[in-house]
Amino acid sequence: MATKVFGISELSTQCFWRDNYQGIVIANDDQQLTINLKKNGGTTDLFVTAIYAKCTANERKDLWQSLENLNPFIDGPWCIGANFNVILDPEEKLAGNAIWILSIKLSQLSKNSIGDVYEQVNDWENKVQIRKEMDLNNNDFQSMEDLNKTQAESMKWLTMQESLLKQKSQINWFEEGDLNTRYFHNTIKDRKRKLHLHRIKNHRGRWIQGDDKIGRAAVRHFKKFFNLKKATVNNKILDHTPNVINNEDNTLLVSILNEEEIKNTIFNMSVHSTAGPDGYNGAFYQSCWHIIKEDVIAFV
C-alpha cells in the first residue's frame, strides 16, 4: 500500500499516513505539527500532533500554549506524541541508549585516570586553609607564593567540578553566574587575589612591600602625572564636530519608556539573578508583575 509523507524541514520531523487516508495540516510551528486525518469515505476525524519540543521548560511554554489554543478546534480523537525532551525516571536513559552507556564508561575512565574530582576539591581546600595559617604566621614572600600556588591548584579542581556539574544540569553559565554558589564566591576571591599587589618598584627602582609603603609610592607616582597645570580648552573645536544625530533620533533617545519596553526588560531578567538593593530578584518581579507593574512603571 502506498504511503504519503508530510515533513517539516526545519525540525527533520515527518508524519506518514497510508493512501486510504486524507491528511490536512491545521497547525505547524517550530515545536509541533498537527494533522487532521480522515479515512476515505469515512466521517470520523482523527487529529494527530507530532511533537519535537525545546530542551528547556521555559522554551516549552510556547508549545503548551499552542496546544491549548488548538483545543477548541479539535472535534474528535486527538493523539499527541513524539519527543517532549523530558524523562520521568533516570532509568529511561538506560533502556538501550548506547550514548548513555558510553558516557558512564567514559566517566569511569575519567575517574580512574584523574581521580575523584569531589575528593580532590575537598583535599585542596584543606591544603589552602593550612597554607593560609602558615602565611599568617610567617608573613614572608615565600609563604605568600606557596599560598598562591595552592589556591591556583584548588581553583583548577573547583573549575573541573563546576564543569561536571554544568554537564549534568545542562545549565548555562549566565544562569549559574548569578547564583550564590561556592564556585561563584571562590571565583570572586581568586579574582581579588590576582588583583592584590604584594610588592612594587618605587621611583628609585627598588622593590617595596607592605600596604603602607605601596600606598605612599602609588600616591607619589600619580601625583607626578595628575598635578599638572590647568590646560586651556578651545571650545571652537566643537564647531567642527559633525552632527550625526537628527531631531528624530534625539526625540527617540530622550523619550520615556513605555509599558511594553519595561515589561520586556523585566521578563528578560534571569529568574536566578542576585537580589538587588531592594532584596528582590528576577523571579519576584516576573511572578508578581500583574501586582507591581504600575509602581515599577511609575518609578522608571
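Everything numeric in this text was worked out from a predicted model, so none of it was measured.

A. Inspection of the packing of helix H9 (residues 259-267) against helix H11 (residues 289-299) at higher detail. Closest axis-to-axis distance for the H9/H11 pair is 11 Å, and the angle between their directions is 120°. Considering their axes alone, H9 and H11 lie oblique with respect to each other. Seen from above, H9 lies across H11 with right-handed handedness. For the pair formed by H9 and H11, the contact residues are Glu259, Ile262, Lys263, Ile266 and Phe267 on the first element and Trp289, Lys293, Val296 and Ile297 on the second.

B. Fine view of the sheet that holds strand S5 (residues 45-52). If you walk across this open sheet you meet the four strands as S3-S4-S5-S6, and the pairing is mixed. Where the open sheet ends on each side, the last strands, each with one partner, are strand S3 (21-28) and strand S6 (78-83). Strand-to-strand twist of the sheet, defined as the mean angle between neighbouring strand axes without regard to direction, takes the value 25°. Relative to strand S4 (residues 32-39), S3 is paired through seven bridges, and the arrangement is antiparallel. Directly across from Val25, in S4, lies its bridge partner Ile35. Lying over the sheet, helix H1 (residues 57-70) contacts S3, S4, S5 and S6, oriented at roughly 30° with respect to S4.

C. Local environment of the pattern of salt bridges. Applying the stated criterion across every chain, the model contains seven salt bridges. For Lys38, the salt bridge identified is with Asp45, shortest N-O distance 3.3 Å. Among the ionic pairs, Glu259 bridges to Lys293, the shortest N-O distance being 3.6 Å. One end of the pair, Glu259, is in helix H9; the other, Lys293, is in helix H11, and 34 residues separate them in sequence. When its relative accessible area of 39% is taken as the criterion, Glu259 is described as partly exposed.

D. How the structure looks around the side chain of Thr49. Within the fold, Thr49 resides in strand S5. A relative accessible area of 1% places Thr49 in the buried class. Side chain to side chain, Thr49 and Trp78 meet in a polar contact 2.8 Å long. Here Thr49 is in contact with Gln32, Leu33, Thr34, Leu67, Trp78, Cys79, Ile80 and Gly81, once residues within four sequence places are set aside.

E. Local environment of the packing of aromatic side chains. Summed over the entire model, instances satisfying the criterion amount to two aromatic pairs. For the ring pair Phe267 and Trp289, a centre distance of 6.4 Å and an interplane angle of 85° mean the geometry is edge-to-face. Placement of Phe267 in helix H9 and of Trp289 in helix H11 is noted, with a sequence separation of 22 residues between them. The class for Phe267 is partly exposed, based on a relative accessible area of 37%. Classification of Trp289 by relative accessible area gives buried; the value is 6%. Considering the side-chain rings of Phe284 and Tyr285, the 5.4 Å spacing of their centres and the 75° angle between planes classify their relative orientation as edge-to-face. Arg199 extends its terminal NZ or CZ atom over the ring of Phe141, reaching a point 4.9 Å from the ring centre. A cation over a ring is seen here: Arg199 above Trp207, with NZ or CZ 4.1 Å from the ring centre.

Rules used in this analysis
- Residues numbered from 1 in each chain as written.
- Predicted model: local features only at pLDDT ≥ 70, side-chain atom pairs only at ≥ 80, totals over all residues.
- Heavy atoms only, no water.
- Axes fitted to C-alpha atoms, helices over the stretch in contact; angles between N-to-C directions.
- Helix = DSSP H or I, 4+ residues; strand = E, 2+ residues; numbered from the N terminus.
- Parallel < 35°, antiparallel > 145°, perpendicular 65-115°, else oblique.
- Left-handed = near helix turned anticlockwise from the far one by under 90°.
- Contact = heavy atoms within 4.5 Å.
- Pairing = 2+ DSSP bridges.
- Salt bridge = Lys/Arg side-chain N within 4 Å of Asp/Glu carboxyl O.
- Buried < 20%, exposed > 50% of the residue type's maximum accessible area, 1.4 Å probe, protein only.
- Polar contact = N/O pair within 3.5 Å; in protein donor to acceptor, adjacent residues only side chain to side chain.
- Phe/Tyr/Trp six-rings, centres within 6.5 Å; stacked < 30°, edge-to-face > 60°.
- Lys NZ or Arg CZ within 6 Å of the ring centre and 35° of its normal.

So far we have only geometry, and geometry alone does not tell us how the molecule works.
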